[in-house]
Amino acid sequence: MTRLALIEREAKRARTVKKFTAKRAAIFAILNSSEATDDEKFEARIALQKLPRNASPIRQRNRCALTGRPRGTFRKFGIARNKLRELALKGEIPGVIKASW
C-alpha cells in the first residue's frame, strides 16, 4: 500500500493543474501565435516560468484508485494490473472475462 502522503500529493497536483489550466492555455496561445511580437512572446515565457511547477499536467502520475500503486495502471479502469486481475477473476468488472482458447 502506498503511503497516504504520496496519494495526497498527487491529488494536490491535480487540483493545481485544474486551477492553472486556463492561465496556461492563454500563455500558450500567445507563444504559439504567429502575430505576437518577440517582446510579447518573451513576456509570455516569463509568465509561464512564474507559474508553479505542479501546474504542468505532465507532472501528474496515474495511480491505482484502490492501492495507490504508480506503475502498471490501466487508464481505462484506473486500477493497477494486479488488482485488475483479482477483480476480473472474481467477476466484479463487467465485460471482462478470463481468456481461454
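Q: Please clarify how the overall build of the chain should be interpreted in this entry.
A: When you go through the chain residue by residue, the secondary structure sums to three helices and two strands. For 101 residues, the compact-globule estimate of 2.2 N^0.38 gives 13 Å, and the C-alpha radius of gyration of the chain, at 20 Å, exceeds that figure by more than 25%. Among the 101 residues that make up the chain, the fraction classed as buried is 25%. Intrachain contacts of the chain at a sequence separation of at least 6 include 38% that bridge at least 24 residues. Summing over all exposed atoms, the chain offers an accessible surface of approximately 8,200 Å²; the carbon and sulfur share of this is 54%. Averaged over its 25 positive side-chain charges, the chain has a centre that lies 13 Å from the centre of its 9 negative ones.

Q: I'm lost on the nonpolar core in this one. Help?
A: Side chains that are nonpolar tend, in soluble globular proteins, to be buried together. The biggest cluster of nonpolar side chains holds seven residues, and these are Phe20, Ile27, Leu31, Ala44, Leu48, Leu51 and Ala55. The set of elements that each furnish at least two residues to this core consists of helix H1 (4-32) and helix H2 (38-50). In this structure, Cys64, Ile79, Leu84 and Leu87 belong to the second largest nonpolar core, which totals six residues.

Q: Any chance you could explain the pattern of salt bridges here in plain terms?
A: Pairing between side chains of opposite charge can happen when their charged atoms approach one another. Using the criterion set out here, one finds two salt bridges in the structure. In this structure, the salt-bridge partner of glutamate 10 is arginine 13, at a minimum N-O distance of 2.8 Å. Linking glutamate 10 with arginine 13, this pair stays in helix H1, spanning three residues, or about one helical turn. Assessed through its relative accessible area of 11%, glutamate 10 is described here as buried. With its nearest N and O atoms 3.3 Å apart, the salt bridge here joins lysine 83 to glutamate 86. Linking lysine 83 with glutamate 86, this pair stays in helix H3 (residues 81-90), spanning three residues, or about one helical turn. Looking at lysine 83, the relative accessible area reads 25%, which means it is partly exposed.

Q: I would appreciate a short explanation of H3 in the present structure.
A: Regarding H3, the residues found buried are Leu84, Leu87 and Ala88. In an axial view of H3, the angular spread of the buried residues amounts to 100°, which keeps them on one side of the axis. Residues of H3 that are exposed and point more than 90 degrees away from the buried face comprise Arg85, Leu89 and Lys90. In the core, the buried residues of H3 are packed alongside strand E1 (73-74) and strand E2 (79-80). Backbone geometry just downstream of H3 places glycine 91 in the positive-phi region, at approximately 80°.

Q: Which parts of the structure should I look at to understand the packing of H1 against H2?
A: Working note: a packed helix pair is described by the angle between its axes plus the distance between those axes. Two elements in contact, H1 and H2, have axes separated by 9 Å at closest approach and are oriented at 150°. Taken as axis vectors, H1 and H2 run roughly antiparallel relative to one another. For the pair H1 and H2, the sense of crossing is left-handed. Mapping the contact onto sequence places Arg24, Ile27, Phe28, Ile30 and Leu31 in H1 and Glu40, Lys41, Ala44, Arg45, Ala47 and Leu48 in H2. The class makeup of the residues in the contact of H1 with H2 is seven nonpolar, no polar and four charged.

Reading the values: the criteria
- Residues numbered from 1 in each chain as written.
- Predicted model: local features only at pLDDT ≥ 70, side-chain atom pairs only at ≥ 80, totals over all residues.
- Heavy atoms only, no water.
- Helix = DSSP H or I, 4+ residues; strand = E, 2+ residues; numbered from the N terminus.
- Rg over C-alpha atoms; globule rule 2.2 N^0.38 Å.
- Buried < 20%, exposed > 50% of the residue type's maximum accessible area, 1.4 Å probe, protein only.
- Contact = heavy atoms within 4.5 Å.
- Areas by Shrake-Rupley, 256 points an atom, 1.4 Å probe, with all protein chains shown as cover.
- Lys, Arg positive; Asp, Glu negative; His and termini not counted.
- Charge placed at Lys NZ, Arg CZ, Asp CG, Glu CD.
- Core = buried A, V, L, I, M, F, W, Y, C linked by side-chain atoms within 4.5 Å.
- Salt bridge = Lys/Arg side-chain N within 4 Å of Asp/Glu carboxyl O.
- Arc of directions from axis to C-beta.
- Axes fitted to C-alpha atoms, helices over the stretch in contact; angles between N-to-C directions.
- Parallel < 35°, antiparallel > 145°, perpendicular 65-115°, else oblique.
- Left-handed = near helix turned anticlockwise from the far one by under 90°.
- Nonpolar A, V, L, I, M, F, W, Y, C, P; charged D, E, K, R; others polar.

Any functional reading would require information beyond the geometric quantities listed.
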